[in-house]
Amino acid sequence: MVREKDICWEYAEKLDGNKVKCKFCLRVLNGGISRLKHHLSRLPSKGVNPCSKVRDDVTDKVLAILASKDDSKDVPLTKKRKPVNIPPNTSLVVTLETSSPVAKIFPNITQNMLSHVTDQENAERSIALFFFENKLDFSVARSPSYQLMIDSIARCGKGFNGPTPETLKTDWLETIKSEVSIQSKEIEKEWSTTGCTIIVETWTDNKSRALINFLISSPSSMFFHKSVDASSYFKNTKFLADLFDSVIQDFGPENIVQIILDNTLNCTSIVNHILHTYGTIFVSPCASQCINAILKEFSKIDWVNRCILQAQMISKFIYNNSSLLEMMKKFTVGEEIIKTGITKYVSHFLSLQSILKQRSRLKHMFNSPEFTNNPSYSNKPQSMPCIGIIDDNEFWRQVEECVAVSDPFLKVMREVSGGKPAVGSIYELMTKAKESIRTYYIMDDIKCKIFFDIVDQKWQSHLHSPLHSAAAFLNPSIQYNPEIKFLGSIKEDFFRVLEKLLPTPELRRDITNQILLFTRATGMFGCNLAKEAIDAVSPGIWWEQYGDSAPTLQRVAMRILSQVCSTSPFERHWSTFQQIHSDKRNKINKETLNDIAYVHYNLKLASSKRSNSTDIDPIQLEDIDMTSQWVEETENPSPTQWLDRFGSALDGNDLNTRQFSNSIFGPNDHLFNL
């Protein structure tokens, strides 16, 4: 009867024996109400899986109950490894004299320091030493090939000898390059139907080096073609024109629908050369870079910038004190309060979203006895300003406003940055993002105009393209949506694109009748299957299935709607590419360097494609950038200060600061990605 009085019973159903069923996720737990509390607390403790569906207010209530018990113990946020007591003289013991990797490197270490080490611990220590000795990025351990390598070595058993440097550089590089090439040849088969996009990305550094990467995108996949060291000719228009001509000929002008240039290389002379020489190829801007430019201008508005700086004051205070950071994660149930995006400005608004989500828990933490009664926190000079910000309702109102205005544009960036064909939706997405500003500021014309002017200026001068308009016109979800009001304004662009792709009267024969069939939804376009499939498949596939009654328009639509509109998915790997071209590899011939780059990039792209099939956010990095303005203390050099040393290295790209760490510390000095 005493048990039944526990208030947590309202969240559970009592079953036979000592079992309870959670009313949120319906999981059956053994152990009664005590295990239910740990389940609802969402803390990974007591061997109980956290509830994935419990409400935040219930979790907060249960956490308070657990914390109030006099005999309760602090619940660890992570599982600590328990010491393993293994009897001596067993087969699991690895003594110092036999095979301890540390002993081989530091022979003066005493036996007591490393005695009774298990095979598992010894193997992990060896891997850790390999990472530390070679300054490998810790994120390498997340690579799919990492565990595959370990499993393959384990199957070989004791005595396996790894390949030599020479074997890796010759035999294995050639073998894997051939395997990757076979995959890329398979992708080329679809180009006659869907066409492809050449993606051009440029990287420069403070040593006046300029590397140009060429990648190819089509609906089924993307692959890296080649890298060119253009350091000596980067400003030579004739050289660049010849370089683009050679790449276009590699794939055939008839297969290429568009070339996407990043802002670094988007020079008028190259654009004019391509448009004049190849009549059916479009040159398009990078959509993600345009969205980033919009977010950058948003962050310059006085009250927005002040809001960001205040939020950064809170995050710096927390993330520069390890015990305070641990306390924060206790209150936020292990969640971070800041996020690192693919650019600095994406990071700003993602972090504001995250802080707003944790508002109640941050208030709870800063007003809790754990904080106020601990002088190591409360007596710090940053403490009172942070408490003032946390308790300031005007600050939270401005955070809500920043999130409301920026979130639609972050959604646009997610759509165009995932590596999927998004050219058919970019026009509608941008229109909806603008309308969200109008709706939010329906009672404030002044603020509405400020944000509208920023979006219009960047969109018209950087992003708007006739190809985007034509893709929107051919997108059935837009064409047949009665709520869409902009079809009339994009019709002229659509006709201009048709004239470019169908340059002769013979090719345009009957095209007017085919356009009418599509716009009036007659024939196959109007069948129930076609209507039901509009929101179920991509626009390109929809045209492939239901566009047979308009064959010429079908061919044009499939080629246009199968293209991407952003370079963003590939920008996060620049630092690794720099390592491949480091000075320490200058003795390797250029052909080998190109082979390494070819294999490396295509493996990364294949891994990225697998990741995109999951719930991974394409605009957010997995690890927090500990050198960003959201973490680094103000008395240290700020990222903008030391990034200024790169000069043109950041022109147009604005990549995340961590990606340029190699330029500061040396080609191979990753500092373990910290």
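Every value quoted in this text rests on a predicted model; they were computed, and no experiment measured them.

In this structure, what is going on with the sheet that holds strand β2 (residues 19-22)? I would like to understand it.
Pairing between the strands of a sheet comes from backbone hydrogen bonds, and it takes one of two forms, parallel or antiparallel. Taken in spatial order, the 3 strands make up an open sheet running β1-β2-β3, and their pairing is antiparallel. A single partner strand is all that each edge strand has here, and the edge strands are β1 (12-14) and β3 (28-30). The average angle at which neighbouring strand axes cross in this sheet is 30 degrees, direction not considered. Note that β2 and β3 share 3 bridges and pair antiparallel. Opposite Lys 19, over in β3, you have Asn 30 as the bridge partner. Its contacts with the sheet put helix α1 (residues 33-41) on β1, β2 and β3, and the angle it makes with β2 is roughly 25 degrees.

Please explain the sheet that holds strand β4 (residues 196-204) as it appears in this structure.
Pairing within the open sheet is mixed, and its 5 strands lie in the order β6-β5-β4-β7-β8. Where the open sheet ends on each side, the last strands, each with one partner, are β6 (221-229) and β8 (282-284). Neighbour-to-neighbour, the strand axes of the sheet open up by a mean angle of 20 degrees, direction not taken into account. Pairing analysis gives 3 bridges linking strand β7 (residues 256-261) to β8, with the strands arranged parallel. Paired with Ile 259 across the two strands is Val 283, which belongs to β8.

Even after reading the chapter, I still don't get a nonpolar patch on the surface, so can you show me in this structure?
Taken together, the side chains of Leu 168, Trp 172, Ile 176 and Leu 603 define a hydrophobic patch exposed on the protein surface, amounting to about 370 Å² of accessible area. Broken down by element, the nonpolar patch gets its largest block of residues, 3 residues, from helix α8 (residues 165-188). For Leu 603, the location among the structural elements is in helix α31 (residues 590-612).

For this particular structure, what's the right way to read the pairing of β4?
As a general feature of sheets, a regular strand has side chains that alternate between the two faces. Of all 9 residues that make up β4, 9 are buried, and the element is covered over most of its length. Judged by which residues are buried, β4 turns out to be covered on both faces: Cys 196, Ile 198, Val 200, Thr 202 and Thr 204 on one side and Thr 197, Ile 199, Glu 201 and Trp 203 on the other are all buried. Summarising the sheet, β4 and β7 pair through 5 bridges and their orientation is parallel. Bridge assignment links Thr 197 to a residue of β7, and that residue is Gln 258. The pairing of β4 with strand β5 (residues 210-218) spans 8 bridges and is antiparallel. Residue Trp 203 lies in a different strand from β5, and its bridge partner there is Leu 211.

How should I be thinking about the packing of helix α28 (residues 539-546) against helix α29 (residues 551-561) in this particular structure?
Two measures define how a pair of helices packs: the angle their axes make with one another and the distance between the axes. Where α28 contacts α29, the two axes come as close as 8 Å, and the packing angle between them is 160 degrees. Here α28 lies roughly antiparallel to α29, going by the angle between them. Here the hand of the crossing between α28 and α29 comes out left-handed. Residue-level contacts link Pro 539, Gly 540, Trp 543 and Glu 544 of α28 to Leu 553, Gln 554, Ala 557, Met 558 and Leu 561 of α29. Of the residues in the contact of α28 with α29, the class split is 6 nonpolar, 2 polar and 1 charged.

Would you take a moment to explain the pattern of salt bridges for this structure?
Side chains carrying opposite charge are able to pair once their charged atoms draw close together. Scanning all chains against the criterion turns up 23 salt bridges. For Glu 297, the salt bridge identified is with Lys 300, shortest N-O distance 3.4 Å. Here Lys 300 and Glu 297 lie together in helix α12 (residues 287-300), a separation of 3 residues that amounts to about one turn. The salt bridge partner of Glu 370 is Lys 330, with a shortest N-O separation of 3.7 Å. Of the two residues, Glu 370 sits in helix α17 (residues 369-372) while Lys 330 sits in helix α14 (residues 322-331), which places them 40 residues apart along the sequence. Classification of Glu 370 by relative accessible area gives partly exposed; the value is 37%. A residue is classified by how much of its surface remains accessible, and Lys 330, at 32% relative accessible area, is partly exposed. Salt bridges sharing common partners tie together Glu 394, Arg 397, Glu 401 and Lys 447.

Would you mind showing me how to read helix α16 (residues 359-366) here?
Within α16, burial applies to Arg 361, Leu 362, Met 365 and Phe 366. All buried residues of α16 project into a common sector of 130 degrees when viewed along the axis, lining one side.

Please explain the packing of aromatic side chains as it appears in this structure.
The way to describe two aromatic rings as a pair is by their centre distance and the angle between their planes. Throughout the structure, instances matching the rule amount to 32 aromatic pairs. An angle of 65 degrees between the planes, with centres 6.5 Å apart, marks the rings of Phe 223 and Phe 251 as edge-to-face. Of this pair, Phe 223 sits in strand β6 while Phe 251 sits in helix α10 (residues 237-251), and the two are 28 residues apart along the sequence. Classification of Phe 223 as buried rests on a relative accessible area of 6%. Looking at Phe 251, the relative accessible area reads 8%, which means it is buried. Judged by centre distance (4.8 Å) and plane angle (25 degrees), the rings of Phe 224 and Tyr 601 are stacked. Of this pair, Phe 224 sits in strand β6 while Tyr 601 sits in helix α31, placing them 377 residues apart in sequence. Neither Phe 224 nor Tyr 601 differs from the other in exposure class; each is buried. In textbook terms, an aromatic cluster arises when at least three aromatic residues are bridged by ring pairs, as seen for Phe 298, Trp 303, Phe 409, Tyr 440, Tyr 441 and Phe 451. Sitting above the plane of the Phe 452 ring, Lys 434 keeps its charged end 5.1 Å from the centroid.

Calculation rules
Along each chain, the written sequence defines residue order, and numbers are assigned to residues from 1. Totals for whole chains, interfaces and linings use all residues, but because this is a predicted model, local features are given only for residues with pLDDT of at least 70 and pairs of side-chain atoms are given and counted only at 80 or more. Note that the side-chain values use all heavy atoms of the structure and ignore hydrogens as well as water. Only strands joined by at least two bridges in the DSSP assignment are considered to pair. In this description a helix means any DSSP run of H or I spanning at least four residues, a strand means any run of E spanning at least two, and both kinds are numbered starting from the N terminus. For helices, the axis comes from a line fit to the C-alpha atoms of the stretch in contact; other axes are also lines fit to C-alpha atoms, and the angle between any two N-to-C directions lies between 0 and 180 degrees. Residue contacts follow a heavy-atom distance rule, with two residues in contact if any of their heavy atoms lie within 4.5 Å. Patch membership requires more than 30% relative accessible area and the absence of a salt bridge. Residues of like charge join within 9 Å; the nonpolar side chains Val, Leu, Ile, Met, Phe, Trp and Tyr join within 5 Å. Every accessible area reported is derived by Shrake-Rupley at a probe size of 1.4 Å, with residue values counting cover from the shown protein chains alone. The rule for a salt bridge is simple: a side-chain nitrogen of Lys or Arg has to be within 4 Å of a carboxyl oxygen of Asp or Glu. The buried label applies to any residue whose accessible area, calculated with a 1.4 Å probe on protein chains only, is under 20% of its type's maximum; exposed applies above 50%, and partly exposed to all values in between. Throughout, the term roughly parallel applies to angles under 35 degrees, roughly antiparallel to angles over 145, roughly perpendicular to angles from 65 to 115, and oblique to all others. Left-handed describes a crossing in which the near helix is turned anticlockwise from the far one by less than a right angle; the clockwise case is right-handed. For this classification, Asp, Glu, Lys and Arg are treated as charged, while Ala, Val, Leu, Ile, Met, Phe, Trp, Tyr, Cys and Pro are nonpolar and the rest, including Gly, are polar. Note: the arc covers the axis-to-C-beta directions of the helix. What counts as a ring pair is set by centres within 6.5 Å for rings of Phe, Tyr and Trp (its six-membered ring), and what kind of pair is set by the plane angle: stacked under 30 degrees, edge-to-face over 60, tilted for all other angles. Placement of a charge over a ring requires the Lys NZ or Arg CZ to be within 6 Å of the ring centre, with the centre-to-atom vector within 35 degrees of the ring normal.

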